[in-house]
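Chain by chain, the residues:
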Amino acid sequence: MTRRGHRDPAWWGLAALALSAAAFFLLPLYVMAITSLKPMEEIRLGHLFAWPTQLSLDAWRAAWSGACTGVACEGIRGGFWNSVSIVLPSTIIAITLGALNGYALAYWRARGAALLFGLLMIGAFIPVQVLMFPLVRMLGPLHLVGSLPGIVLVHVIFSMPIMTLIFRNHFAALPRELFLAARLDGAGFLRIFVLLMLPLSVPMLVVAAIMQATGVWNDYILGLVFAGREHLPMTVQLNNLVNTTTGTKLYNVDMAATLLTSLVPLTIYVLSGRWFVRGIAAGAVRG
Amino acid sequence: MIKRTLNPAHFALLPMAFAAVAVYLGSMLWTLRISMSSSRSLPLHDFVGLAQYQRLFTNERWLHSLHNLAIYTPLFIVACLCVGFLLALLVDRQASGGGVLRAVFLYPYALSFIATGLIWQWLLNPELGIQQAAHEWGFGGFRFDWLVDPERVIYTLVIATVWQCAGLVMAILLAGLRGIDADILRAARLDGVPAWRIQVSIVVPMLAYSFATATLLLLTAAVKLYDAVIAMTQGGPGTASEVPAKFIMDHLFGRANIALASAGATVMVLTAVALLAPLFYARHRARRANR
């Protein structure tokens, strides 16, 4: 089917179908991009799919540093840096803990570990809204609600099931002889982890980092509740910018802000290529 | 073998134990407890039995949000599976260009639900979006104003989220397709089995495990549906696109009725369990059959 009929009607039919599907998936991105480059007078005329008569980066500038998100009018650049400062520690800590958990579960016998792991796996399917209020009450007295350490901690907790799972599966698939040989040589828990297991896990660490960084960057609800005014992530500021503005809606600024917010996960996606898909495969083995 | 006296794994697993017991288990039980109290903005420890559940199921807004989720979930899942399967076949068939196509179909999945919601809010805006464009092209009678139509707004959420998640299904099914022995398909073709029949009767059953996996992920996402609603409709017009997750959030933080919100949350967990448990079972059986 693949090479034999390169010119037969069925091949052309499939190619046409593939191209129209690709167009459908790309169209929203295209419309967003051209709308962000049009001045408002041109947008009010309609012509949704038409190329801008003159390209203007004003909307991008306004979205980045001038548009109003709620009270302040400083664009969403603040949200960008907030998101960066949330994503970096959340990713590093979540991966470290996930790898450590996976390693301990795969090689060390700890009493009750299987039960805890089972509990954690069920936790992965529980909607966050169910855990939200008790978590606010638990973290409140520790002054962790509305702070950077608080939102990082919450991200680490909610990503723990999936991070633990992918690393447990990863370590369980390595030959057990490696571990046993290191034990015979007298290496301890941490030594084996740092010197043997981590170097063998570089691809998995990259996959986990991609998953976690995009996941945390795209989060809205946890940032809304736990980050507090000073640290609102970019997604929350974006939604405030678009949905709570009073007065005339500046669609070009809205679109530019949406694109700016999406730029980070899109860049990760484009650069990581197959690794992103590997993350999906690793995450899909739950249960 | 390994000495049992001082097991370093116990220390290493302390954070996990904390998350599993204190956060997941503890919070669930706490939510359950509050749902049986008369708490408003602060947690009270009285006991009112199932009174909050009674109030919940006479609450118009809650019933409407459940109704919406009941429409949304099957449509979203079936549409994602169908579109995702077609995309997977398209990508799998391309001798060259398959990688580019896959990247194009999957990129929406890298976006946030907030971004997706905002994009489609713009495209479906009746005055400036697709409807207006169709009018300019001479289709004056074309109507596509579902975003502001209380009866149809829930379908716009299906469109936007299928656009975002179909690529995920494609990626999972592609991995499953790789695992199918090409000789089986070749033999069927030599026997003169028509191409559509090969897909329906051979490929789809062999992908049962991948389909079950995808359904599991989609179902989890559907029950959590919140961000996309916030970005796209804010639950409107009016309360036409309310969903349970939003009802719970609004009553927790906006309306300060934590007992009612907790009752809603408990119902949400029970619904999720009731839907997921048979799926896990089916997936387990599919794994045994497929491997």
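Comments concerning the overall build of chain B
Here is step 1 of the chain: Assigned secondary structure in chain B consists of 14 helices and 0 strands.
Here is step 2 of the chain: When the helices and strands of chain B are read in sequence order from the N terminus, they spell out α-α-α-α-α-α-α-α-α-α-α-α-α-α.
Here is step 3 of the chain: Along the first, second and third principal axes, the C-alpha atoms of chain B reach 75 × 70 × 30 Å.
Here is step 4 of the chain: Sorting the 291 residues of chain B into buried and exposed places 44% on the buried side.
Here is step 5 of the chain: Across chain B, contacts joining residues at least 24 apart in sequence account for 70% of those joining residues at least 6 apart.

A word on the overall build of chain A
Here is step 1 of the chain: Across its full length, chain A carries 14 helices and 0 strands.
Here is step 2 of the chain: The N-to-C order of helical and strand elements in chain A reads α-α-α-α-α-α-α-α-α-α-α-α-α-α.
Here is step 3 of the chain: Across its three principal axes, chain A shows a C-alpha extent of roughly 75 × 70 × 30 Å.

As for the nonpolar core
Here is step 1 of the chain: Counting 168 residues, the largest nonpolar core has A:A257, B:A166 and B:M170 as the members making the most contacts within it.
Here is step 2 of the chain: If one sorts the elements of this core by residue count, helix 8 (residues 153–178) of chain B sits on top with 16 residues.
Here is step 3 of the chain: With residues near it in sequence (within four places) discarded, A:A257 still touches A:A63, A:A67, A:I76, A:L238, A:L241 and A:V242.

What to know about the interface of chain A and chain B
Here is step 1 of the chain: Between chain A and chain B, the contact holds 69 residues from the first and 76 residues from the second.
Here is step 2 of the chain: No other element matches the 10 residues that helix 1 (residues 9–36) of chain A contributes to the side of chain A that touches chain B.
Here is step 3 of the chain: Of the residues belonging to the side of chain A that touches chain B, the class tally is 48 nonpolar, 17 polar and 4 charged.

Remarks on the environment of A:L178
Here is step 1 of the chain: Inspection of the secondary structure puts A:L178 in helix 8 (residues 176–184).
Here is step 2 of the chain: When the C-alpha positions of A:L178 and A:V225 are compared, they lie 45 Å apart, and in sequence the two are 47 residues distant.

Considering the environment of B:E127
Here is step 1 of the chain: Within the secondary structure, B:E127 sits in the loop between helix 6 (113–123) and helix 7 (130–136).
Here is step 2 of the chain: Along the backbone, B:E127 and B:T161 are 34 residues apart, and their C-alpha atoms lie at a distance of 22 Å.

A word on the environment of B:T233
All names here are of chain B.
Here is step 1 of the chain: Within the secondary structure, T233 is located in the loop between helix 12 (227–232) and helix 13 (244–254).
Here is step 2 of the chain: With 127 residues separating them along the chain, T233 and L106 place their C-alpha atoms 24 Å apart.
Here is step 3 of the chain: Each residue touching T233, except ones within four places of it in the same chain, is listed here: V153 and S241.

Some words on helix 13 of chain B
All names here are of chain B.
Here is step 1 of the chain: Among the 11 residues in helix 13, 8 count as buried, and that is most of the element.
Here is step 2 of the chain: What helix 13 keeps buried is the set P244, A245, K246, F247, I248, M249, H251 and L252.
Here is step 3 of the chain: Looking one or two residues past helix 13, A256 carries a phi angle of roughly 45 degrees, positive in sign.

Notes on unusual backbone geometry
Here is step 1 of the chain: In this structure, B:P237 follows B:G236 across a cis peptide bond, with omega equal to 0 degrees.
Here is step 2 of the chain: Despite not being glycine, A:H143 has its phi angle at roughly 60 degrees, a positive value.
Here is step 3 of the chain: Position of A:H143 among the secondary structure elements: in the loop between helix 6 (128–139) and helix 7 (148–172).
Here is step 4 of the chain: The residue B:Q234 is not glycine, and still its phi comes out positive at about 50 degrees.
Here is step 5 of the chain: Inspection of the secondary structure puts B:Q234 in the loop between helix 12 and helix 13.

Focus on helix 5 (residues 98–106) of chain B
Here is step 1 of the chain: Every buried residue belonging to helix 5 of chain B is among B:L101, B:R102, B:V104, B:F105 and B:L106, and all of these are buried.
Here is step 2 of the chain: Buried-residue contacts for helix 5 of chain B involve helix 1 of chain A together with helix 4 (60–93) and helix 8 of chain B.

Observations regarding the confidence of the model for chain B
Here is step 1 of the chain: Of the residues in chain B, 96% reach a pLDDT of 70 or more, and the chain-wide mean stands at 89.
Here is step 2 of the chain: Overall fold confidence (pTM) sits at 0.92, and the ipTM for the predicted complex is 0.91.

Focus on the packing of helix 8 of chain B against helix 11 (residues 208–223) of chain B
All names here are of chain B.
Here is step 1 of the chain: It is at 9 Å that the axes of helix 8 and helix 11 come closest, and there the two elements cross at 155 degrees. Our classification of the angle between helix 8 and helix 11 gives roughly antiparallel. The element helix 8 and its partner helix 11 pack so that their crossing is right-handed. Contacts from C165, L168, V169, I172, L173, A175 and G176 of helix 8 reach helix 11 at Y209, S210, T213, A214, L217, L218 and A221.

Definitions and limits used
- Residues numbered from 1 in each chain as written.
- Chains lettered and ligands numbered in written order.
- Predicted model: local features only at pLDDT ≥ 70, side-chain atom pairs only at ≥ 80, totals over all residues.
- Helix = DSSP H or I, 4+ residues; strand = E, 2+ residues; numbered from the N terminus.
- Buried ≥ 20, exposed ≤ 12 C-beta atoms within 10 Å, placed from the backbone.
- Contact = placed C-beta atoms within 7 Å.
- Core = buried A, V, L, I, M, F, W, Y, C linked by C-beta atoms within 7 Å.
- Nonpolar A, V, L, I, M, F, W, Y, C, P; charged D, E, K, R; others polar.
- pLDDT = per-residue confidence, 0-100.
- Axes fitted to C-alpha atoms, helices over the stretch in contact; angles between N-to-C directions.
- Parallel < 35°, antiparallel > 145°, perpendicular 65-115°, else oblique.
- Left-handed = near helix turned anticlockwise from the far one by under 90°.

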